[in-house]
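# Observations on the model geometry
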Amino acid sequence: MEPTPARTAELVRAAQRGDRLALAELLELVTPYVRRLCGPIALDDGPDATQEALIAVFRKLRQLDDPAALFGWVRVIAVREAVRHVRRTARSVPSELAEVPAPGDPQLAADIRDVLDRLTPEHRAVLVLRDLEGLDERQTADLLGVAAGTVKSRLSRARLSFRRAWQQ
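Since we're looking at a predicted model, the values are computed, not measured.

Cut-off values and rules
Residues numbered from 1 in each chain as written. Predicted model: local features only at pLDDT ≥ 70, side-chain atom pairs only at ≥ 80, totals over all residues. Heavy atoms only, no water. Helix = DSSP H or I, 4+ residues; strand = E, 2+ residues; numbered from the N terminus. Contact = heavy atoms within 4.5 Å. Areas by Shrake-Rupley, 256 points an atom, 1.4 Å probe, with all protein chains shown as cover. Buried < 20%, exposed > 50% of the residue type's maximum accessible area, 1.4 Å probe, protein only. Arc of directions from axis to C-beta. Polar contact = N/O pair within 3.5 Å; in protein donor to acceptor, adjacent residues only side chain to side chain.

In terms of helices and strands, the protein chain carries eight helices and zero strands. Starting at the N terminus and walking to the C terminus, you meet the elements of the protein chain as α-α-α-α-α-α-α-α. The contacts in the protein chain between residues at least 6 apart in sequence include a share of 66% that link residues at least 24 apart. Counting every atom, the protein chain has about 9400 Å² of accessible surface; 52% of that belongs to carbon and sulfur.

Among all positions in helix 7 (residues 137-144), only Thr 140, Ala 141, Leu 143 and Leu 144 are buried. Looking down the long axis of helix 7, one finds its buried residues gathered within 165° of arc, a one-sided arrangement. Here helix 7 starts with a cap whose side-chain oxygen sits 3.1 Å from the backbone nitrogen of Arg 138, and that cap is Asp 136. Following helix 7 by one or two positions, Gly 145 has its phi on the positive side, about 70°.

Here we take up the environment of Phe 58. With respect to the element layout, Phe 58 can be found in helix 3 (residues 46-59). In this structure Phe 58 comes out as partly exposed when scored by relative accessible area, which is 22%. Taking the C-alpha atoms as reference, Phe 58 lies 8.3 Å from Leu 23; in sequence the two are 35 residues apart. Not counting residues up to four positions away in its chain, the partners in contact with Phe 58 are Leu 23, Leu 26, Leu 27 and Val 30.

In structure tokens:
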């Protein structure tokens, strides 16, 4: 059962004061969200990126001024950490887009993951934020620390690359 916004704000404030129980409850609350963001961006390194993002969130928790903005603040950190992790582990060079399973394959989720794996982390991040999370260009640009025009061009290239790989 997910806590109310008021309860979440109360947990944040208590965790910021050093309450370990509140911190543990907050960890349980945000972990699935961070995992959902980091997984599609970092792919096989999703668990590692999730862990790094959670560490960053809890190290910086005292910097969060508005407890009601918890999930937006966590999203910024999670996406940046996922992209940073992928870059650091040298997975930023895209794989060859050669052997992608045909549409209609019974393992559709595996097919999509395979195609995503072949995109750069920047392209995966923009696809996840725009198409899965439903953020607009400005929000995506702010999260990724780039201009809105960069988001538009990355999204266009990412969708084109995805479409081409999918059709092969």
